[in-house]
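Examining the three-dimensional arrangement
Here's the letter readout for the chains.
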Amino acid sequence: MVALLIASGWPARANDSAAELSIGGLQFVRTNDVAMESEDLRIALDRVSVRYQFVNVTSKPVTLTIAFPLPDIDLSEAENIALPSSDPINFVDFETKVDGSPAPLTIDQRAMVGNKDVTALLRELKLPLLPIGGREIRVADLPEATRTRLVDNGLLMPAGMSDNGRQQYAPGWVTKTSAVRQQVFPPTRTVTVEHQYRPSVGSSPDTILRSGLRRSNALSQEVARYRKEYCVQDTFLAEIDKRAGNSQANTAKLQERRISYVLKTGANWAGPIRSFKLTIDPGGSDRLVSFCPGRLKASSTGSTLEYTANDFKPDADLKILVIGTF
């Protein structure tokens, strides 16, 4: 994982956890002219892949805009975001194919402070819109006039003083990235679209669901949130207790991994998804998985979990919790 940091010297929070970003599949404009015959979605900790099959239900070609919106990156929370790639534009390494051939998308990236577009100012100052990898901004090394313009326009925010009494700054803009292209769907013919990327995986070196932590009154609200968001069952907790016991210390070395997937955009078609399949691969048969399956029916195949549905119309996004040793 790439830590998203700007080397300016502002205080970093003492936190070993990294927050996941909600990412989904390709998005299309809502249409009654194209039906989704099938969607085969596979989610693993290192790769998300989706295979769609679409059918134009009309007698004429239909052209739709395909978009892949990458999640917004709020640089004020930079030190707590997990990004899978150091590429400052395609930071999830996504790829798309149509009928087996690569289908490049046009990428647009903007920087925003509230509703104000500050892209032109950053480019004028020759500063990256998304300062990750080898493109970190060393605020302390910027010319004073540059720092002043960034502060005056809300791109840098005061963030306390250093030990030697020097003003420190934190970034104040949000980087928005999207990729788009036009796709033609010929009449009465199936079009196969494949899409893959590296997910943003949230991580923690322990889990709040261990007995030694979840029974704490101070953590009760957070435990309740986990149980609701990930549909954690008593049998799931019992298996954690079997592995970790009741010790306050994490002697079993259990950790968390979390993936969020935007699924609801699959409801933009002429009718429901006729055949939907979800495969979750936690990376090992000894790892525990919990999420809210809704009306998906489960079947297990070795170390992976499979869920299927016919005439599926997703009405909720996926939040997947994986607990184990990594």
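The following refers to the structure shown. (Residues numbered from 1 in each chain as written. Predicted model: local features only at pLDDT ≥ 70, side-chain atom pairs only at ≥ 80, totals over all residues. Heavy atoms only, no water.)

1. Topic: the packing of aromatic side chains
Under the defined criterion, the tally for this structure stands at seven aromatic pairs. Arranged with centres 4.8 Å apart and planes meeting at 50°, the rings of phenylalanine 68 and phenylalanine 94 form a pair that is tilted. Of this pair, phenylalanine 68 sits in strand β6 (residues 62-69) while phenylalanine 94 sits in the loop between β8 (82-83) and β9 (95-98); the two residues are 26 residues apart in sequence, bridging distant segments of the chain. Phenylalanine 94 matches phenylalanine 68 in its accessibility class, with the two residues each being buried. Ring pairs connect the aromatic residues Tyr52, Phe54 and Phe185, which therefore count as one cluster. Directly above the aromatic system of phenylalanine 326 lies the positively charged group of arginine 257, at a separation of 4.2 Å from the ring centroid. (Phe/Tyr/Trp six-rings, centres within 6.5 Å; stacked < 30°, edge-to-face > 60°. Helix = DSSP H or I, 4+ residues; strand = E, 2+ residues; numbered from the N terminus. Buried < 20%, exposed > 50% of the residue type's maximum accessible area, 1.4 Å probe, protein only. Lys NZ or Arg CZ within 6 Å of the ring centre and 35° of its normal.)

2. Observations regarding helix α2 (residues 144-152)
Along α2, the positions that sit buried rather than exposed are Thr146, Arg147 and Leu150. One side of α2 holds all its buried residues, which, seen down the axis, span an arc of 100°. For α2, exposure combined with an orientation more than 90 degrees from the buried face picks out Glu144, Ala145 and Asp152. Note on α2: the residue one or two positions beyond its end, glycine 154, has a positive phi of about 80°. (Arc of directions from axis to C-beta.)

3. Some points on the pairing of strand β19 (residues 273-281)
Bridging between strand β4 (residues 34-44) and β19 involves seven bridges; their strand directions are parallel. Bridge pairing in β19 links aspartate 40 to lysine 277. In the sheet, β19 pairs with strand β22 (residues 304-312) via seven bridges, with the strands oriented antiparallel. Residue pairing in the sheet places leucine 278 in a bridge with tyrosine 307 of β22. (Pairing = 2+ DSSP bridges.)

4. What to know about unusual backbone geometry
For lysine 126, which is not glycine, the phi dihedral falls at a positive 60°. Position of lysine 126 relative to the elements: it lies in the loop between α1 (119-124) and α2. Of note, the phi angle at aspartate 311 is positive, near 50°, even though the residue is not glycine. Looking at where aspartate 311 falls in the secondary structure, it is placed in strand β22.

5. Re the nonpolar core
Within the largest apolar cluster, 67 residues are counted, with the highest numbers of intra-cluster contacts made by Leu41, Ile43, Phe68, Tyr261 and Leu278. Once residues lying within four places of it in the same chain are set aside, the contact partners of phenylalanine 68 are Ile23, Gly24, Gly25, Leu26, Val92, Phe94, Leu105, Ser178, Ala179, His195 and Tyr197. Counting 14 residues, the second largest nonpolar core, distinct from the first, contains Tyr230, Val232, Leu254 and Leu321. (Core = buried A, V, L, I, M, F, W, Y, C linked by side-chain atoms within 4.5 Å. Contact = heavy atoms within 4.5 Å.)

6. Some points on the side chain of threonine 175
Inspection of the secondary structure puts threonine 175 in strand β15 (residues 174-185). Using a relative accessible area of 1% as the deciding quantity, one classes threonine 175 as buried. Among the polar contacts made by the side chain of threonine 175, one reaches the side chain of tryptophan 173 at a distance of 3.4 Å. Contacts of threonine 175, omitting those with residues within four sequence positions, involve Pro71, Asp72, Ile73, Leu75, Gln109, Arg110, Leu129 and Leu130. (Polar contact = N/O pair within 3.5 Å; in protein donor to acceptor, adjacent residues only side chain to side chain.)

7. Comments concerning the state of the cysteines
Think of a disulfide as a covalent bridge from one cysteine sulfur atom to another cysteine sulfur atom. Following the criterion strictly, the structure yields one disulfide and no others. Note that cysteine 231 is cross-linked by a disulfide to cysteine 292, the S-S spacing being 2.0 Å. Residues cysteine 231 and cysteine 292 are joined by a disulfide whose S-S torsion is about 105°; by sign, that bridge is right-handed. One end of the pair, cysteine 231, is in the loop between α4 (220-229) and α5 (234-244); the other, cysteine 292, is in the loop between β20 (288-290) and β21 (297-301), with 61 residues separating them in the sequence. A relative accessible area of 28% places cysteine 292 in the partly exposed class. (Disulfide = S-S within 2.5 Å.)

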